[in-house]
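# Geometric and topological summary
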Amino acid sequence: VPTLIHILKTSELEVKKEAAWAISNATSGGTPGQIDYFVKKGCIEPLIQLLDCLDTRVVKVILEGVENILQIGNQKVDKDLVNEYARHIEQAGGLEKLEDLQQHSNNEIYEQAVKLLEKFFGAEEESVEISEQTNEVNNSSLEKSQIPECFFGFSKK
């Protein structure tokens, strides 16, 4: 495992992708103890950094692995009801990466990012609804007051 994480941190992109697949697969079928071992050995930060990858298949696999890790973290919340693994992801810049993925052109990646943000980080769809309402208000006021009347040389009858 330490060698795999070292490869994920330091190798060329194609090799990093393979290491990410291996780690994600391990989180898929791993026991909570095994996933805890991966986290303690430092798998989260290099996985999060690889979310910038242009290969959508790799991004999807990493998001699945991150979800598996967070689910195990939910099973072992501390006395303050904090998911320690979510904290690791935040510290690795994961929230920003997940928020950025909400703008991804691939709908599956967008949906997975939203799901992770809502389920594990308390994000809500409310902000989307508010922005849609604001756009509706802005559009209706634009229609009424900001469009000049133009007759293009024709007389108004």
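## Thoughts on the confidence of the model for the protein
The pLDDT averaged across the protein works out to 82; a share of 76% of its residues lies at or above 70. In this model residues 126-135 is a low-confidence stretch, pLDDT under 50, and it forms zero contacts with partners more than four residues away in sequence or in other chains. Confidence drops under a pLDDT of 50 for residues 137-157, and excluding neighbours within four residues, the segment shows four contacts in the predicted structure.

## Digging into the packing of helix α1 (residues 2-10) against helix α2 (residues 13-29)
Packing of α1 against α2 leaves a shortest axis separation of 8 Å and a crossing angle of 140 degrees. Comparing their axes, α2 and α1 come out oblique. α1 and α2 meet at a crossing whose hand is left-handed. Taken together, the residues of α2 that come into contact with α1 (itself represented by Leu-4, Ile-5, Ile-7, Leu-8, Lys-9 and Thr-10) are Val-15, Lys-16, Ala-19, Ala-20, Ala-22 and Ile-23. Counted by class, the contact of α1 with α2 contains nine nonpolar, one polar and two charged residues.

## Describing the pattern of salt bridges
According to the stated counting rule, one finds eight salt bridges in the structure shown. Across the pair Lys-17 and Asp-55 runs a salt bridge, and its minimum N-O distance is 3.3 Å. With a gap of 38 residues between them, Lys-17 in helix α2 and Asp-55 in the loop between α4 (44-49) and α5 (56-75) connect regions that are remote in the sequence. In this pair, the class of Lys-17 matches that of Asp-55, namely buried.

How each quantity is defined
Residues numbered from 1 in each chain as written. Predicted model: local features only at pLDDT ≥ 70, side-chain atom pairs only at ≥ 80, totals over all residues. Heavy atoms only, no water. pLDDT = per-residue confidence, 0-100. Contact = heavy atoms within 4.5 Å. Axes fitted to C-alpha atoms, helices over the stretch in contact; angles between N-to-C directions. Helix = DSSP H or I, 4+ residues; strand = E, 2+ residues; numbered from the N terminus. Parallel < 35°, antiparallel > 145°, perpendicular 65-115°, else oblique. Left-handed = near helix turned anticlockwise from the far one by under 90°. Nonpolar A, V, L, I, M, F, W, Y, C, P; charged D, E, K, R; others polar. Salt bridge = Lys/Arg side-chain N within 4 Å of Asp/Glu carboxyl O. Buried < 20%, exposed > 50% of the residue type's maximum accessible area, 1.4 Å probe, protein only.

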